[in-house]
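As a plain string of letters, each chain reads:
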Amino acid sequence: MVNKITSLYLDTSIFGGYYDEIFMQETRLLFEKIKAGKYIVFISGTVVEELEDAPENVKNLLKDIKYQSIEVTSECEALADEYLKEKVVGKTSRDDCIHIATATNN
């Protein structure tokens, strides 16, 4: 039997969920699995930028895991703009669409 490792793109809300009572249990379980090497984690520069304004305990979560950075390309930005234009993801921010487009393109 071959062990498959799943790749995950984490957006900023995942880090905030670690301390949110509603999402805490599931998020902490996810982080345990990430630390155990069960997932390959990817984040974008958008996540890093958004975490700059986060509380220290949330920022420190990024230091506790291994991850690979992926670039937000012009193709990601164009796809995000299309998502907004076509209202694919409903009422949301451009940064949310950047996260979705970056994960989709990678």
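In this report, the structure presented in the accompanying data block is examined. Everything numeric here is computed off the predicted structure, so don't read it as measured data. Within every chain, residues take consecutive numbers counted from 1 along the sequence as written. Local features in this predicted model are restricted to residues whose pLDDT is 70 or higher, and side-chain atom pairs enter the listing and the counts only when it is 80 or higher, whereas totals over whole chains, interfaces and linings include all residues. Side-chain calculation: all heavy atoms of the structure are included, whereas hydrogens and water are not.

Structural notes on the side chain of S44
Assignment of secondary structure puts S44 in strand β2 (residues 39-44). We call two residues in contact when some of their heavy atoms are within 4.5 Å. Residues within four places of S44 in sequence aside, it is in contact with Y9, I70, V72, H99 and T102. For helices the rule is a DSSP run of H or I covering at least 4 residues; for strands it is a run of E covering at least 2, with both sets numbered from the N terminus onward.

Concerning the side chain of T12
Relative to the helices and strands, T12 is located in helix α1 (residues 12-17). Given the relative accessible area of 17%, T12 is considered buried. Reaching out from T12, the side chain makes a polar contact with the side chain of E50 at a distance of 2.2 Å. In this structure T12 touches T46, V47, E50, L51 and H99, once residues within four positions along its chain are discounted. Buried residues are those whose accessible area, probed at 1.4 Å on protein chains only, stays under 20% of the maximum for their type, while exposed residues exceed 50% and partly exposed ones sit between those limits. Definition of a polar contact: a pair of N or O atoms within 3.5 Å, with one able to donate and the other able to accept a hydrogen when the atoms are protein atoms, and with sequence-neighbouring residues admitted only if both atoms are side-chain atoms.

Brief notes about the packing of aromatic side chains
Each Phe, Tyr or Trp ring (for Trp, its six-membered ring) is paired with any other whose centre lies within 6.5 Å, and the angle between the two planes then decides the class: stacked below 30 degrees, edge-to-face above 60, tilted in between. Enumeration over the complete set of coordinates arrives at three aromatic pairs. An angle of 75° between the planes, with centres 5.7 Å apart, marks the rings of F15 and F31 as edge-to-face. With a gap of 16 residues between them, F15 in helix α1 and F31 in helix α2 (residues 24-35) connect regions that are remote in the sequence. The residues F15 and F31 share a single accessibility class, namely buried. Three or more aromatic residues joined by ring pairs form one cluster here, namely F15, Y18, Y19 and F31.

Topic: helix α4 (residues 56-63)
In an α-helix, one full turn covers 3.6 residues, which means residues spaced three or four apart are oriented alike. Inspection of α4 places V58, L61 and L62 among the buried residues, and these make up the whole buried set. Looking straight down α4, one finds that the buried residues subtend no more than 100° of arc, so they occupy a single side. Along its buried surface, α4 packs onto α1, α2, β2 and α3 (45-51). Regarding the arc, it is the one traced by the directions from the helix axis to the C-beta atoms.

A few points about unusual backbone geometry
One non-glycine residue, K87, lies in the positive phi region at around 55°. Among the structural elements, K87 can be located in the loop between α5 (74-86) and α6 (94-105).

A look at the nonpolar core
For the purposes of this section, nonpolar cores are sets of buried Ala, Val, Leu, Ile, Met, Phe, Trp, Tyr and Cys residues that join through side-chain atoms within 4.5 Å. Counting residues in hydrophobic clusters, the biggest one holds 18 residues, and the most contacted among them are L10, F15, I43, L51 and I65. Of all the secondary-structure elements, those providing two or more residues to this core are α2, β2, α3 and α4. Those residues in contact with I43 that lie beyond four places of it in its chain are Y9, L10, F15, V48, L62, Y67, Q68, S69 and I70. Among the nonpolar cores identified, the runner-up in size contains six residues, and C76, A80, Y83 and I98 belong to it.

Some details on a nonpolar patch on the surface
A cluster of nonpolar side chains, contributed by V88, V89 and I100, occupies part of the molecular surface with about 210 Å² of accessible area. Looking at the element boundaries, V88 is found in the loop between α5 and α6. Residues enter a patch when their relative accessible area is above 30% and they make no salt bridge; the linking distance is 9 Å between like charges and 5 Å between nonpolar side chains (Val, Leu, Ile, Met, Phe, Trp, Tyr). Residue exposure ignores everything except the shown protein chains as possible cover, and the areas themselves are Shrake-Rupley values with a 1.4 Å probe. We count a salt bridge whenever a side-chain nitrogen from Lys or Arg sits within 4 Å of a carboxyl oxygen from Asp or Glu.

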